[in-house]
Amino acid sequence: MSTTDHEVAFLLGLPFHVITMDETIDDAVAHIEARKPGYYITANADFIAQAYDNEALKDILFHADRVVCDGMPLVWLSHYFKPVLPERVAGSDMVFRLFKEAGARSWKVYFLGSDEETLAQTKAILAKDYPEMEVVGTFSPPFGSVDSWPNEEILKEIEATKPDLLLVAVGCPKQEYWISKFYKEASIPLSIGIGASLDFICGTQTRAPVWVQKIGMEWMWRMLSNPKRLMKRYAKDLYYLFVLANRQRKLTAKTLMMVSEEPRFQEEARPNPPTHSEHAGVEHDCHWLAWKGEVERGTVEEQALPSSYSKPVFLDLSAVTFMDSTGIGLLAKVARESRAAGVIFGLIHPSEVVEKVIKAMHLDAQFPAYHDKREAVDFLKQELGPPKSLVEKLVKLPPPFGRKEHAECLEVLKGAVEELEEGEVLVLDLSDLEMMDSFAISRLLNAYRALHSRELGLRVINVAAQAVQAMRMTGVYELLVEGKAGA
């Protein structure tokens, strides 16, 4: 997938990437070259209206690899809510840019949707205009729900043709349902819903003149071109735009109630303690972060973020007194990154300010909340299931271990750290070490950190009394022997 990191703008219940057309195409190229299945969504006001009361669709849109803005009214609104979306990324323009890249890079393209005649015309037109691009297959699904389609047949054909790019043209929400359900199984690097783009390619629908597009009134042009079919839909879209924009304006105004409760915990300043089994100390094998005060455009860079997304992420929002659209966008970004990495994400005791935003925008499923840390840990243990045993690898450190004459002991320790494999815990037997100085303790702590960065464990046993005293004085006994976070 693309490695480019983009800011996220939160608009009317959905996170949009702050991205231009050129950047979207660059990301699509990187995504396809990475060969990891993913999907992009070009969302407009109609998507927002449909997703508001549709939890499944909202979740699909919320967690797409890229959510780009295909509507000028949303671009205009972003100037008020911030961050500003730089431009409209229209799906009907994006497909032609993708065709150009497909020709230059010899991508294989597959079309799913529309009718047989339109698909045949599309294939003929593209063969003429983009001779280097290979359309390896097309499929016109029957009327009815996605589940009623011959999906086994579709997937079998996709597997046989091995496309790099899948373009689904059945309109929202069907195309999003199908993509989200099958994009991983189909193993296509990139899938995109393109709505009526095939009709534009074939000329059965005509796009607005360029000057109409530039002033942001293409939606009006389309509505007037077919008022009987589109008037009701566009009226609904405008209603949701007005209602949700007004709601977001009120929710992100500084007249909201302020809360003074302090956060219950902060991100650990030192490494997490070793884990002797998958569940022992599960609360230590997470990112516990806390945001506080006013989380807004001028302060978002001060808020704690996970150092990685290799383990569950929990945000304590109990002391957040205000959150604007930029802050909500950052929150959405953390939730999306967690989902993309396959790790659990949750909020701890969100303040009243945060709760109002979540409930008003129907984001309860995207931002699961827990009353306190204990409740979150209980959920983690339930999700993880029965604990799995880890293999303990016992290594005895030879004396002496200190600033003088420590070469052999360091060599043994270094080798043990380097040779430890996944699923193992290094257990260091210190029974032969009567004395330990600060140098020796620092080397043990470095070994722990090196293993922790690889998500492996370390603990020490059989510590001599004098060594125990030294370790307690430096504060590492609890970490390396007892496995407590307070070390």
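What you are looking at is a predicted structure, and each value in this text was computed from that prediction instead of being measured.

Novice: Honestly, helix H1 (residues 21-34) in this entry has me stumped. Any pointers?
Specialist: At 3.6 residues per turn, the α-helix brings residues three or four places apart onto the same side. For H1, which comprises 14 residues, the first-to-last C-alpha distance of 20 Å matches the rise-based estimate of 20 Å (1.5 Å per residue) to within 8%. Residues of H1 that are buried include every one of Met21, Thr24, Ile25, Asp27, Ala28, Val29, His31 and Ile32, and no others. Of the surrounding elements, those touching the buried residues of H1 are strand S3 (38-43), strand S4 (66-69), helix H5 (91-105), strand S7 (165-169) and strand S8 (190-193). Directly beyond the C-terminal end of H1, a positive phi value near 65 degrees is found at Arg35.

Novice: It is not clear to me how the nonpolar core should be interpreted in this structure. Could you clarify?
Specialist: A general trend in soluble globular proteins is that nonpolar side chains are found buried together. Core analysis: the largest hydrophobic core is formed by 49 residues, its most contacted members being Leu12, Phe16, Leu74 and Trp178. By size, the runner-up hydrophobic cluster in this structure holds 32 residues, among which are Val395, Ala416, Leu444 and Ala467.

Novice: Just to check I follow, could you spell out the sheet that holds S8 for this structure?
Specialist: Strands in a sheet are paired, the pairing made by backbone hydrogen bonds, and the direction either parallel or antiparallel. The strand order across the open sheet built from six strands is S4-S3-S8-S7-S5-S6, with neighbouring strands paired in parallel fashion. Bordering the open sheet on either side are S4 and strand S6 (134-139), each of which pairs with just one other strand. On average, each strand axis in the sheet is inclined to that of its neighbour by 20 degrees, with strand direction left out of account. Pairing of S3 with S4 involves four bridges; the strand directions are parallel. Note on S4: the bridge partner recorded for Tyr40 is Arg66. In this fold H1 packs onto S3, S4, S7 and S8, with an angle of close to 160 degrees to the strand it touches most, S3.

Novice: Is there a simple way to think about the sheet that holds strand S11 (residues 345-348) in this case?
Specialist: Spatial strand order, S9-S10-S11-S12: four strands in an open sheet with parallel pairing. Edge positions in the open sheet fall to strand S9 (287-295) and strand S12 (369-370), since each of these has one partner strand only. Here S9 pairs with strand S10 (residues 313-323) via eight bridges, running parallel. Within the sheet, the bridge partner assigned to Leu289 lies in S10 and is Leu315. Here helix H13 (residues 325-341) sits on the sheet in contact with S9, S10 and S11, set at roughly 175 degrees to S10.

Novice: Explain the confidence of the model for the protein chain here, please?
Specialist: Low-pLDDT stretches of the model should not have their predicted coordinates read in fine detail. Summing up the model confidence of the protein chain, the mean pLDDT is 86 and the portion of residues at 70 or higher is 89%. Segment residues 256-280 is flagged for pLDDT under 50; beyond a separation of four residues in sequence, or across chains, it makes 83 contacts in the model.

Novice: Where do I start with the pattern of salt bridges in this structure?
Specialist: In total, this model carries 13 salt bridges according to the counting rule given. Here Asp164 makes a salt bridge to Arg35, at a shortest N to O gap of 2.8 Å. Taken together, the residues span a long stretch of sequence, with Asp164 in the loop between helix H7 (151-161) and S7 and Arg35 in the loop between H1 and S3 at a distance of 129 residues. For Asp164, a relative accessible area of 9% translates into the label buried. With a relative accessible area of 46%, Arg35 lands in the partly exposed category. The salt bridge involving Asp70 is made with Arg88; its shortest N-O contact spans 2.9 Å.

Novice: Before we go on, may I ask you to explain the packing of aromatic side chains in this structure?
Specialist: As enumerated under the stated definition, the model contains 13 aromatic pairs in all. Taken together, a centroid distance of 5.4 Å and an interplanar angle of 40 degrees make the contact between Tyr370 and Phe379 tilted. Phe379 gets classed as partly exposed once you look at its relative accessible area, which sits at 27%. Taken together through their ring pairs, the aromatic side chains of Phe96, Phe99, Phe111 and Tyr130 make up a single cluster. The ring of Phe439 has Arg443 sitting right over it, with the charged end atom 4.7 Å from the ring centre.

Novice: Help me understand the environment of Ser308, please; the structure alone is not making it clear to me.
Specialist: With respect to the helices and strands, the residue Ser308 is situated in the loop between S9 and S10. Residues Ser308 and Glu337, spaced 29 residues apart in sequence, show a C-alpha to C-alpha distance of 9.7 Å. A polar side-chain atom of Ser308 sits 3.0 Å from a polar atom in the side chain of Ser310.

Novice: Would you mind showing me how to read the environment of Ser148 here?
Specialist: On the secondary structure map, Ser148 appears in the loop between S6 and H7. Reaching out from Ser148, the side chain makes a polar contact with the backbone oxygen of Ser145 at a distance of 2.6 Å.

Novice: Looking at this structure, how should I read unusual backbone geometry?
Specialist: Following Lys82, the chain continues into Pro83 via a peptide bond in cis, with omega recorded as -10 degrees. Relative to the helices and strands, Pro83 resides in the loop between helix H4 (72-81) and H5. The linkage connecting Cys172 with the following residue, Pro173, adopts the cis geometry, with an omega of 10 degrees. Summarising the element assignment, Pro173 is placed in the loop between S7 and helix H8 (174-186).

Novice: Which parts of the structure should I look at to understand the packing of H7 against H8?
Specialist: Helix packing geometry: the angle between the two helix axes and the distance between the axes. Two elements in contact, H7 and H8, have axes whose closest approach is 11 Å; the angle formed by their N-to-C orientations is 45 degrees. As judged from the angle between their axes, H7 and H8 are oblique. Both H7 and H8 take part in a crossing whose hand is right-handed. Across the interface between the two elements, Asn151, Ile154, Leu155 and Ile158 of H7 pack against Trp178, Phe182, Glu185 and Ala186 of H8. A class-by-class count of the residues in the contact of H7 with H8 yields six nonpolar, one polar and one charged.

Cut-offs and rules
Residues numbered from 1 in each chain as written. Predicted model: local features only at pLDDT ≥ 70, side-chain atom pairs only at ≥ 80, totals over all residues. Heavy atoms only, no water. Helix = DSSP H or I, 4+ residues; strand = E, 2+ residues; numbered from the N terminus. Expected span 1.5 Å × (residues − 1). Buried < 20%, exposed > 50% of the residue type's maximum accessible area, 1.4 Å probe, protein only. Contact = heavy atoms within 4.5 Å. Core = buried A, V, L, I, M, F, W, Y, C linked by side-chain atoms within 4.5 Å. Pairing = 2+ DSSP bridges. Axes fitted to C-alpha atoms, helices over the stretch in contact; angles between N-to-C directions. pLDDT = per-residue confidence, 0-100. Salt bridge = Lys/Arg side-chain N within 4 Å of Asp/Glu carboxyl O. Phe/Tyr/Trp six-rings, centres within 6.5 Å; stacked < 30°, edge-to-face > 60°. Lys NZ or Arg CZ within 6 Å of the ring centre and 35° of its normal. Polar contact = N/O pair within 3.5 Å; in protein donor to acceptor, adjacent residues only side chain to side chain. Parallel < 35°, antiparallel > 145°, perpendicular 65-115°, else oblique. Left-handed = near helix turned anticlockwise from the far one by under 90°. Nonpolar A, V, L, I, M, F, W, Y, C, P; charged D, E, K, R; others polar.

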